[in-house]
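An overview of the molecular structure
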Amino acid sequence: MADDATKVHALYEEFVTGFLHPLFVGGTAQLTRPLSASVTEHFSLAQPVDPNVEQDIRIWMHRLASEVAAVDHVPFPDAGAVQVAMALHNLTILTDPMLDRTFSRGARRPILEWTAAIIAQIPAPQTRGEALARHAVLQRALEAEREDTVVKNWAYTYRFFGRPPPANVTAMPRLRFVREEKTRKRMVQLWSEDEPGLTLDTQLRALLARSPVTELLRADLVPTLQFGQATLACLSDATLRNGIVQAIVKDGTGHIAQPFGHALRVLHALGPPPEFLYVALVFLAELQLLEVLDARTGHTPKDEPAVGDEELFAAVLPALLRHEGPLEHLLELQDVDRASVQARAVERAKQAGEDAVQFAASILDRAQPVASVLQPPSTFAHHNA
Amino acid sequence: MLERAALHQTRFRTPGVSPDARGVVLGQRGLVLFPSVDRLVAFFRAYGDEGSLDELLPSIQIRQLVTPLKTREIMCSVHAESSYRMDRIAGVAKLAGGLVFTGTSRHFVKYRDTGSPLGYDVQELLDRPADLVLYHDTFRQLYGFERELKFRDLVFKLTPYRQPTGLLGMDGSIPTRLWATSEVGVGGAILTYLFRWQIPARAALAEWPSQSAFDDKPKRLYVFDISNTPERVAKLFSQLPGVNVFEPLGKAFAVELGYRHPIALESCSSLFDDDTLHLFRGDGEVLVVHPLPPFAPVRSLVRTNVSLEEDVSTKERRDGQAGGQLGMSLPLRLASSSDPWRAVTATVVPLAQREWLSRLLYALPPNTLSALRVAVGDDRFYLLDPSGIEGVPLGTFYSEVAPRIYVPSGLTLVPAVSAPVLQELVRERGSGYVFFDADQPEPRVVSAEAFGPVSRKVLRELSARPVSADRPIDEEAPLPLFQYDKPRRFPLWGVPKREETAEED
């Protein structure tokens, strides 16, 4: 047993120092052995031997988290964030073409099952810090790339995917007319182009669902976005909601109109408690209000929504202007701002159509204010205090 | 109710607040909430003692507030301007038992404290109708405005209190420059008294219209401006019925001798116009003399009897008897002159003002500093600037009446000798600089070698201390590049806890 524990910790050191640390500070993140679901507990509690590694990860996690919302402290080691990183690690291993060989091909199924088990163990985030920690990990991983090298000499062509070419291949470059071509591929692209049967994109979507902040910010990766309980819990935290809204508005609300409109429609269809509706509507209304008000500072959204679920999203703003109820306070603006919002609402009402506006108004009428957070309500407030 | 603002946070839910250059959350106005007026006065008193209330006065608003439960509190709101000013206000307000907030129009959030060095932001805005909403970490409260108090009214309504040192000031002596008012009945006697003791003073007659129909004549008072008042005279006047003695605190306002106003009036001098005299009496009454009546020296107001007598000595001389050998030796004296000041190129700063001088030198522009030459005497500093000494508003200014001969500005040497004669008279000075003093019969000579540039004379030598400094870390980390582990024929061989997982599965 002692041997086993030592091996697990050695693997943890390799994982944190070789993979997680460069993931944040940049550079080459070296993948290690596949991680089984049984090591999750050890990985969630262990700490790296080198305190500088832990310190760097903390600093960069906090920096990335602060880009979204103000947060005092981002926990590390945090079980959720580490498990997200473990799942990403395994998903990346599965994109290795060298696994598609005789004998090694059989390893893909167990690795995929381990990954699914790890993802299934990840609990919903309980604090703002936790939500932002796992977003920081995912955000960096979604930006990561793989470098492929093609080496040609006078006789042969060699291809190396995600590994540097060995020295003997590139030796004596002049004599052997060695030429190297390097190309880079985004990991997101590799995960979505997996082979049939591997379902890496399904696993990635499941992983995104464990990080509500990433799910909302990268709605383009989630075709059927839903306002789940974890997502609504995050949105009920005003600071976090505000940060997410600002990050989305930076890129314009055009491309998220369809997924968010769809999410609102699904939420309404499920007949949720009025407090759930309130949180979702405040989020969507703030998105549109901030977009109008940001236009004054020179920011212009990229495109406008046109059809489908986008109509429902567009109808939230005109419906809000007709609304008389708990959401009214959102429109307590200065006269100039209010005029701009009204002008945009008229425009949106035209795009959405009267039916969509009335539908949205009926959803707004059902919404009831919630104190500050949803279930788990006390945990967010408690940890943030 | 509140959450702490974080570094680089740019958006806040509190309307009208934003981070300043230091990252501190700041609105356009700062607001201090007091439970009662006496706490407000304590705040003004402490703030005025430490700094200047004048900087707050242009934007100050004092209001009585009422909560929905009809309890009353007092607020004082000023332009925030910078977090430095707000820090001062917060520090003093804390002493006086006030709570400090910042905001712009209606919503005010708690100003920063040690718990949150960058300030606070509200979690949720209160949207109920109110004139003012305050958000503190322990409460949030709606207020309505009840009435506005003018700062000037507050100052005029406060009663001065008797100072524990009696007539003596903070420095243990009675000030020599005083103002006094006296009823018309004793005015004449005081005029004569002042003239008899040769106390330089000026007098005027102030008049106020009658307040009531029963008054048969307007109220009249003599107002005296007495300089160089001997201590016994000040004590005598302060004990005389019908006479009030005031200690001038500024150009146009004074508080009765032996009393102190609850608010440091010197720090809010902009309240008082120069053409109106404000005299705060110990019993709380404020005499406002407007317009200022013309003042005349007491010697011209006192009644004199002129009698003509024949000069006996000249009569004797007419008899042919010589009056003896008469010699004339006239010492040079300083006399006041009404001529405009010319060639004010030197100042003598007494030792007591050394601290001020050193502070001033930090503030001087480089060209003034380079032209300035200084000599350090036993008990005073001599400063010369051939282009004019106005840059150093300290000490006694001296005008150059002849090359390297200086007399205090506003005075002149009598008999009025010409510059070449004067140079001959002080021939033994060599290459030194001669300074005439009003209170010394003999002038002082400061040798030319004693003067040197300020930068050489007073600046300490510098020694640099090496400190460690690094480049700031890059804000943007380079993108991570994923690299696979070395290829294995059997990738799962040797993976720790692999079997356990298989069993669990």
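Bear in mind that the values here come from a model prediction, so they are computed numbers and not experimental data. (Residues numbered from 1 in each chain as written. Chains lettered and ligands numbered in written order. Predicted model: local features only at pLDDT ≥ 70, side-chain atom pairs only at ≥ 80, totals over all residues.)

Let us look at the overall build of chain B. A tally of regular secondary structure across chain B gives 12 helices and 32 strands. A burial count over chain B gives 30% of its 505 residues as buried. Contacts spanning at least 24 positions in sequence make up 67% of the contacts within chain B whose residues lie at least 6 apart. (Helix = DSSP H or I, 4+ residues; strand = E, 2+ residues; numbered from the N terminus. Buried ≥ 20, exposed ≤ 12 C-beta atoms within 10 Å, placed from the backbone. Contact = placed C-beta atoms within 7 Å.)

A count of helices and strands for chain A gives 18 helices and 4 strands. The proportion of buried residues among the 385 residues of chain A is 45%.

Next up on the list: the pairing of strand β26 (residues 396-402) of chain B. All names here are of chain B. Pairing between strand β23 (residues 344-350) and β26: 4 bridges, direction antiparallel. Looking at the pairing, A346 lines up with Y398 of β26. Relative to strand β27 (residues 405-408), β26 is paired through 4 bridges, and the arrangement is antiparallel. Following the sheet pairing, Y398 is matched in β27 by P408. Between β26 and β27, which follow one another and run antiparallel, lie 2 residues, and R404 among them has a positive phi close to 65 degrees. (Pairing = 2+ DSSP bridges.)

Let us look at the interface of chain B and chain A. Across the boundary between the two partners, chain B contributes 35 residues, which contact 53 residues of chain A. When contributions to the side of chain B that touches chain A are tallied by element, the ones reaching two or more residues are β1 (2-4), β32 (480-483) and α12 (498-504) of chain B. Residues of the side of chain B that touches chain A, tallied by class, amount to 16 nonpolar, 5 polar and 14 charged. Note: strand β2 (residues 145-152) of chain A against β32 of chain B, 2 bridges, orientation parallel. Within β32 of chain B, the position partnered with R146 of chain A by the bridge is F482 of chain B. (Nonpolar A, V, L, I, M, F, W, Y, C, P; charged D, E, K, R; others polar.)

Before going further, it helps to spend a moment on the sheet that holds strand β17 (residues 253-256) of chain B. All names here are of chain B. If you trace the 8 strands from one edge of the open sheet to the other, you get β20-β19-β17-β16-β13-β15-β14-β21, paired in mixed fashion. Looking along the sheet, the strands with just one partner apiece sit at the ends: β20 (286-289) and β21 (296-297). With respect to the sheet, helix α4 (residues 184-196) is in contact with β13 (178-183), β14 (201-208), β15 (219-226) and β16 (243-248), its orientation differing from that of β13 by roughly 135 degrees. (Axes fitted to C-alpha atoms, helices over the stretch in contact; angles between N-to-C directions.)

This brings us to the environment of Q353 of chain B. Examined against the element boundaries, Q353 of chain B turns out to sit in the loop between β23 and α8 (354-363). Placed 42 residues apart in sequence, Q353 of chain B and G395 of chain B show a C-alpha to C-alpha distance of 7.5 Å.

Glancing now at the nonpolar core. With 191 residues, the main nonpolar core has L132, A280, L281, L284 and V316 of chain A together with V32 of chain B as its most contacted residues. The greatest single-element share of this core, amounting to 13 residues, is contributed by helix α14 (residues 274-295) of chain A. Among residues more than four places away in sequence, those in contact with V32 of chain B are F43, M75, C76, I89, A93, G98 and V100 of chain B. Core analysis: the next-biggest nonpolar cluster, separate from the first, contains 24 residues, V348, V349, L384 and I405 of chain B among them. (Core = buried A, V, L, I, M, F, W, Y, C linked by C-beta atoms within 7 Å.)

The step from F76 of chain A to P77 of chain A runs through a cis peptide bond, and the omega angle for that step is 0 degrees. Note on placement: P77 of chain A falls in the loop between α3 (51-68) and α4 (79-93). Cis geometry marks the peptide bond from H290 of chain B to P291 of chain B; its omega dihedral reads -5 degrees. Tracing the sequence through the fold places P291 of chain B in the loop between β20 and β21.

Before going further, it helps to spend a moment on the confidence of the model for chain A. Residue and element names in this part refer to chain A. The predicted model of chain A averages 84 in pLDDT, with 92% of residues at 70 or higher. Model confidence for chain A, summarised as mean pLDDT per element, is weakest for helix α18 (residues 377-384) at 38 and strongest for α4 at 94. Within the model, pLDDT remains below 50 along residues 374-385, and this stretch shows 25 contacts once partners closer than five positions in the same chain are excluded. (pLDDT = per-residue confidence, 0-100.)

Okay, the packing of α4 of chain A against helix α5 (residues 108-121) of chain A next. All names here are of chain A. Where α4 contacts α5, the two axes come as close as 9 Å, and the packing angle between them is 160 degrees. Our classification of the angle between α4 and α5 gives roughly antiparallel. Considering how the two elements wind past one another, α4 and α5 form a crossing that is left-handed. Counted together, Q83, M86, A87, N90, L91 and I93 of α4 and I111, W114, T115, I118, I119 and Q121 of α5 form the full contact between these two elements. The class makeup of the residues in the contact of α4 with α5 is 8 nonpolar, 4 polar and no charged. (Parallel < 35°, antiparallel > 145°, perpendicular 65-115°, else oblique. Left-handed = near helix turned anticlockwise from the far one by under 90°.)

What follows concerns helix α9 (residues 200-209) of chain A. All names here are of chain A. The set of residues buried in α9 consists of Q203, L204, L207 and L208. Along the axis of α9, the buried positions cluster into a sector of 140 degrees, meaning they face one direction only. The inward-facing, buried residues of α9 abut α4, α5, α8 (187-192) and α10 (212-217). (Arc of directions from axis to C-beta.)

Our focus in this paragraph is the confidence of the model for chain B. Residue and element names in this part refer to chain B. Across chain B, pLDDT averages 85, with 91% of residues at or above 70. For the stretch residues 316-325, pLDDT sits under 50, and the model shows 4 contacts to residues farther than four places along the chain or on other chains. Prediction confidence for the complex, expressed as pTM and ipTM, is 0.47 and 0.79 respectively.

Read across the sheet, 8 strands follow the order β30-β29-β27-β26-β23-β25-β24-β31 (chain B) without closing on themselves; strand pairing throughout is mixed. Only two strands of the sheet have a single neighbouring strand rather than two, namely β30 (444-446) and β31 (452-453) of chain B.

Moving on, we come to the packing of α4 of chain A against α9 of chain A. Residues and elements named next belong to chain A. Axis separation between α4 and α9 bottoms out at 11 Å; the angle between their running directions is 170 degrees. Considered as vectors, α4 and α9 are oriented roughly antiparallel to each other. Facing V84, A87 and L91 of α4, the residues of α9 in contact are L200, Q203, L204 and L207. Looking at side-chain class alone, the contact of α4 with α9 contains 6 nonpolar, 1 polar and no charged residues.

Below, the discussion takes up the environment of Q83 of chain A. All names here are of chain A. By secondary structure assignment, the location of Q83 is in helix α4. Using a count of 25 C-beta atoms within 10 Å as the deciding quantity, one classes Q83 as buried. Each C-alpha atom, one on Q83 and one on A37, is 9.4 Å from the other, the two residues being 46 residues apart in sequence. Here Q83 is in contact with T40, S44, I118, Q121 and I122, once residues within four sequence places are set aside.

On to the environment of L57 of chain B, then. Residues and elements named next belong to chain B. Within the secondary structure, L57 sits in the loop between α1 (37-50) and β5 (61-66). We classify L57 as partly exposed; it has 16 C-beta atoms within 10 Å. With 95 residues separating them in the primary sequence, L57 and R152 have C-alpha atoms 9.6 Å apart.

Our next topic: helix α13 (residues 257-269) of chain A. Residue and element names in this part refer to chain A. Here α13 contains 13 residues, and its C-alpha end-to-end distance of 18 Å stays within 8% of the 18 Å for a straight helix at 1.5 Å per residue. In terms of burial, α13 is largely enclosed, as 10 of its 13 residues are buried. When α13 is considered as a whole, its buried residues turn out to be A257, Q258, P259, F260, G261, H262, A263, L264, L267 and H268. With its phi angle positive at about 65 degrees, G271 sits one or two positions after the end of α13. (Expected span 1.5 Å × (residues − 1).)

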